[in-house]
Structure formats: structure tokens, C-alpha cells
Amino acid sequence: MAVDGTQALRLAREVLPAAITVDMIMPGLDGWDVLDALGKDPALADIPVIMLTGQGSERVAVEALKQGVADYLVKGDITAHGLCRAVEGALEQQRLRREVETAQHAMLQAHEALRESERRYRELAERVSDMISRHAPDGTILYASPAARPLFGYLPEAVTGQSVYRFIHPDDEDLLRQAYLNATTDGTRTYLIRYRLRHEEGHYVWVESTGQIIQSDQQHQIVAVTRNITERREAEQQLAFHAEELARSNRDLEQFAYVASHDLQEPLRAVNGYLRLIQRQHGEALDAGGQEKIARALRGVAYMQQLIADLLAYARLNARTAPFEAVDLDAVLATALEALAERIEARGASIQHDPLPSVRGDARQLTQVLQNLLSNALKFAREEVPPAVHLTARPVDDHWLISVQDNGIGIDPDYAERIFEIFHRLNAREEYPGTGIGLSICKRIIERHHGRLWVEPADPCGSVFLIELPRYETP
Ligand code: ADP
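To start, this report covers the structure provided alongside it. Residue numbers here run from 1 along each chain, matching the order of that chain's written sequence. Only residues with pLDDT of at least 70 are given local features in this predicted model, and only at 80 or more are side-chain atom pairs given and counted; all residues enter the totals for whole chains, interfaces and linings.

## Side note on the overall build of the chain
Okay, so step 1: In this text, helices come from DSSP runs of H or I with a minimum length of four residues, and strands from runs of E with a minimum of two, each type numbered from the N-terminal end. For the chain, the helix and strand inventory stands at 12 helices and 15 strands.
Okay, so step 2: At 49 Å, the chain has a C-alpha radius of gyration far larger than the 23 Å of a compact globule built from 475 residues.
Okay, so step 3: By principal-axis analysis of the C-alpha atoms, the chain measures approximately 165 × 55 × 40 Å.
Okay, so step 4: Out of the 475 residues belonging to the chain, those deemed buried represent 21%.
Okay, so step 5: C-beta atoms are placed from the backbone for every residue, and two residues are taken to be in contact when these atoms lie within 7 Å. Of the contacts formed within the chain by residues at least 6 apart in sequence, a portion of 53% connects residues at least 24 apart. C-alpha atoms define the radius of gyration, and 2.2 Å times the number of residues to the power 0.38 defines the globule rule. Three exposure classes are used, all based on how many other C-beta atoms lie within 10 Å of a residue's own C-beta (placed from the backbone): buried at 20 or more, exposed at 12 or fewer, and partly exposed between those limits.

Listed below in C-alpha cells is the structure:
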């Protein structure tokens, strides 16, 4: 209890009471001054104040209520019970006020957070280059992001409220309707479709649209992200067209090579037959020069027949193939060595090899590759040293690297790629026989096996042929 206003304020600051009862008329600071000072002090402003007024000063009391006092009591009527009730009432009022304030504060914060998140989403929607839009189930556009303009020429406000079907190619309308329908009925609630949108300038652009059905209030709505894929589609179409062209021209080429080879063989057989007939029937009548010419013509025919046989083999590469299976390259090498055994022995060649891996492929074709490479190593050997060939294999990332190294005449690096072209040879036929098709067949076979084949110079001499083949895990 304080005796005047100044003391009341001091006391209030010290004890921070739950409620304050204050007389209107006091020495020094009166009730109004105390009320004013309490309101200005943040620590005290919230404490409920009950005002005691003199009799008949109802007007004063009303003024005090306006100033924020919780209640007032007329001095003559004050009882202990009345005072208690006034304090209880004031405290209850304070509690309720605080609750309301807390609720208001929470609401304000939630509202602020909502606004912030909406602002962020809007910013996101407005910045992405894809158009983000919201539609009603009947297709009415409720929102379109500014990307509408670069996408199909319209400002968002020009399309909002319009039906999306107004802008869709008539042939694609059903596609979109069906996509909406499926997404709402089959439970996926999403769709992905490609259709044509009519640009403001009249032409159509191809778009890809991902839609998501969302529940908004009582209604479904669709949120769609739409992007321009005109260029991508054109590139895809071009690619598909070229792939088809390539496949067709490959088929034509194979067909042509096959037919040509067959048809060429027939007259060659006839030439061969007649030359032999001349040799047999008129050989003795010919002088040495004439006989040599017949012999040369026969060699030419034999070479031509070999060329045709090779061409046929090349053309058949893709046509007659076995399904891929696990192939043990050690076994493949053994078969190739067996086929070359006589030549290896005749040349006094040494062939060494590391253990070779298993790969997936066509065993017959892979045998052909190793046999061709080994045969070349024997053929293109240096005269002064017996051929020595070394095969190695090691895993590199997701493939095997197999090398076939010889100590032969080597290959000019400038021609390292050309030797894989069909009929391309670097040496005279008189010196090293052959048609120049072996390596092109090897390359095609390895490429069919999703691998690579190339050549590098070996150290100190000779060449090393490198084969890259995909690794696969044995089941
Ligand atoms: P061919 O052996 O019938 O000539 P290939 O296609 O097998 O045909 O080889 C093409 C050319 O590549 C050969 O003529 C030769 O010039 C060169 N070549 C191939 N293998 C080797 C090798 N191991 N060493 C040196 N040159 C080679």
C-alpha cells in the first residue's frame, strides 16, 4: 500500500503486482498521473488498474475506463467482497486480453508466413522459363505465368479466363481431355503429354506438358508445367529419319553387294573355264609369251574370285549372325591357332598370350577376328626375324582391353585408320598377298559387339592392334 502516487509507482516497479487499486485524488501525483505513468512503462502497462472514485463522479469513472482502467469502484460503496470481485474481474479481463493478443499474434505470424511462401512460389512460377498454369476441370485457365508470352505469344492476362482448348490444335484436343480424364480416374493424378499450341501469330508450337491434379476447395484443379519442344521434336524427327535412311541404305548395300557378288561369279567362272580350255587344247601351240599371258589371266581371275568371295563375306556379316552368348576368348584363340598351325610352324613364329577373359558375343565371328589379326602378324613379318606375337588382356573401367602385338614391318601412323577401310592395302600384292578386306571385317565385327578396334605402333618395332570389348558380369 502506498500513500501517494510517487510511492505507488515506485512500489509497483519493485513488486510488479498482479493488480493495482488507485485513488483519484492523492497528494503529489494524482490518479490520472499514475495511470499515465503506468501506461508509459512497458513493465507495468499490462497490470490491471482499478480506480476508486468519489461519489457522484461517474463521468470521471467513464473517462478512466476510456483511459484503460479495468474497473472502478465508488468510494462510499466499497466492501471487501466488492473489492475482491473487482480485482478478480480485472485479472480475468487481463487473462482474456492476453489470450486474444497471443491468438492475434499467432494469426498474424501465420498470415505473414503464408504471404511469404506465396510470394516465393509466385516468384518461382514467374521466373522459370516453362509456363506454369492452373486450370479448372473444364479447361478454363485460372492462372498462367509470364512464360506464356515466350511460349506461345500471349500475355498471361490475355489467356486467363479463356478455355485452354481455344489454343490447342483441333487434332490434339481429345488427347488433352483424355489425359485429364485418365489422371482424375486412374489414381495417378498426373499426366505427361505432347501437343500443339497455336501461337498468337498463327503457327503451331509443339509443347510437352506435365499436369498434376490438385484438390482445391471442393473442386479439382490442374496445375501444368508446359515447355516448348518444337526444336527437340524436329531434331528427334530428323534423327529418326536419318536412322531409317541409314538402315535402308545399309540394307540396300548389303543386298547390292550380295547380288553383285553372285552375278559376278557366274561370268568369271565362264572366263576361268574358257581360259583353262585354251590352255588344255591350244597350250602346246602357244609360245612361252602366250602361255605366260594365259597364266596371268588365270591369276587375275583367281584374284577376282577371291575379291568377290571377300565382298560376299563382308556383306553377309550382319545377315548371318548367331545370337550373342558367353564366349571364352581362350577357346577362341585356341581355334584360331589351330587353323594357323601350319603357317606358324613354317614361319618359326612364337605366339605368347595372357589368360584371356570371357565376353558376350558371336564365337565364330570373334574367332575370325583373332585369326585375321594373327594371320596378318605372320604375313607382315620382317624377313630377318621370326614373327613373335604377344596377346594381353586387362580390364579398363567397364570394358576389356585386348592387345595383339607383333614385331613385324609396322604401319605408318598416317594410314592407321585407312587400313580398316575395305580393300585398302599399304603393300604390293606381289610382296604380301591379300585383298585388303580382313581388317574391315574385323572392325565391323568388333563394332557389332559394341567395341572398338584400332592400331598403334609397337615398341621398338611392329604394330599393336587393340580391341575394346564391353565387360559383363558372369551370372
Ligand atoms: P590384307 O591382309 O588382305 O591386305 P587387311 O585388311 O587384313 O588386308 O590389311 C590391310 C592392310 O593393313 C594390309 O594390306 C597391310 O598393309 C596393313 N596391315 C595389316 N596388318 C598388319 C600388320 N600386322 N603389320 C603391318 N601391316 C599390317
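So, next bit.
## Regarding the packing of helix 10 (residues 329-347) against helix 11 (residues 363-379)
Okay, so step 1: One way to put it is that helix 10 packs onto helix 11 with a least axis distance of 9 Å and a crossing angle of 30 degrees. Judged by the inter-axis angle, helix 10 sits roughly parallel to helix 11. Helix 10 and helix 11 meet at a crossing whose hand is right-handed. For the pair formed by helix 10 and helix 11, the contact residues are L329, V332, L333, T335, A336, A339, L340, R343, I344 and R347 on the first element and A363, L366, T367, L370, Q371, L374, S375 and L378 on the second. In this analysis, axes come from line fits to C-alpha atoms, helices being fitted only over the stretch in contact, and the angle between any two N-to-C directions falls in the range 0 to 180 degrees. Orientation is classified from the angle alone, with under 35 degrees giving roughly parallel, over 145 giving roughly antiparallel, 65 to 115 giving roughly perpendicular, and any other angle giving oblique. Crossing handedness follows the turn of the near helix against the far one: under a right angle anticlockwise gives a left-handed crossing, and clockwise gives a right-handed one.

## So, helix 7 (residues 173-185)
Okay, so step 1: One less than the residue count of a helix, multiplied by 1.5 Å, gives the span that helix is expected to have. An ideal rise of 1.5 Å per residue puts 18 Å on 13 residues; helix 7 measures up with 18 Å between its terminal C-alpha atoms.
Okay, so step 2: Within the span of helix 7, buried status applies to L176, Y180 and A183. All buried residues of helix 7 fall inside an arc of 75 degrees around its axis, so they share one side. The exposed set on the far side of helix 7, more than 90 degrees from its buried face, consists of D174, Q178 and T185.
Okay, so step 3: Looking one or two residues beyond helix 7, the residue adopting positive phi is G187, at roughly 85 degrees. In this description, one arc is meant: the one made by directions from the helix axis to the C-beta atoms.

## As for the packing of helix 1 (residues 5-15) against helix 2 (residues 31-40)
Okay, so step 1: Relative to each other, helix 1 and helix 2 sit at 25 degrees, their axes nearing to 9 Å. Classified by the angle their axes make, helix 1 and helix 2 are roughly parallel. In this structure, the crossing between helix 1 and helix 2 has a hand that is right-handed. Together, G5, A8, L9 and A12 of helix 1 and D33, V34, A37 and L38 of helix 2 make up the contact between the two elements.
Okay, so step 2: Residue classes in the contact of helix 1 with helix 2 are distributed as six nonpolar, one polar and one charged. Under the scheme applied, nonpolar residues are Ala, Val, Leu, Ile, Met, Phe, Trp, Tyr, Cys and Pro; charged residues are Asp, Glu, Lys and Arg; polar residues are all the others, including Gly.

## Structural notes on the site of the ligand
Okay, so step 1: Throughout this description, a residue near a molecule or strand is one whose C-beta atom, derived from the backbone, lies within 6 Å of it. What surrounds the ligand is a group of 21 residues, the closest being R425, L426, G434, G438 and L439.
Okay, so step 2: Only helix 11 and helix 12 (438-448) provide two or more residues apiece to the shell around the ligand.
Okay, so step 3: Here the residues of the shell around the ligand sort into eight nonpolar, 11 polar and two charged.

## What about the sheet that holds strand 10 (residues 350-353)?
Okay, so step 1: Spatially, five strands are ordered 10-12-13-15-14 in an open sheet, and the strand pairing comes out mixed. Only two strands of the sheet have a single partner each, and these edge strands are strand 10 and strand 14 (452-457). Recorded for the sheet is a direction-independent mean angle of 15 degrees between the axes of neighbouring strands.
Okay, so step 2: Both strand 10 and strand 12 (residues 388-396) contribute to a ladder of four bridges, which runs parallel. When the bridges of strand 12 are listed, H353 appears paired with L391. Strands were regarded as paired on the criterion that DSSP finds at least two bridges between them.

## Focus: the sheet that holds strand 2 (residues 49-53)
Okay, so step 1: Reading across from one edge, 1-2-3 is the order of the three strands in this open sheet, with parallel pairing throughout. The open sheet terminates on both sides in strands that have one partner only, identified here as strand 1 (20-23) and strand 3 (71-74). Ignoring which end each strand starts from, the neighbouring axes of this sheet average 25 degrees apart.
Okay, so step 2: For strand 1 and strand 2, the ladder comprises four bridges, and the chain directions are parallel. Note that in strand 2 the partner of I20 across the bridge is V49.

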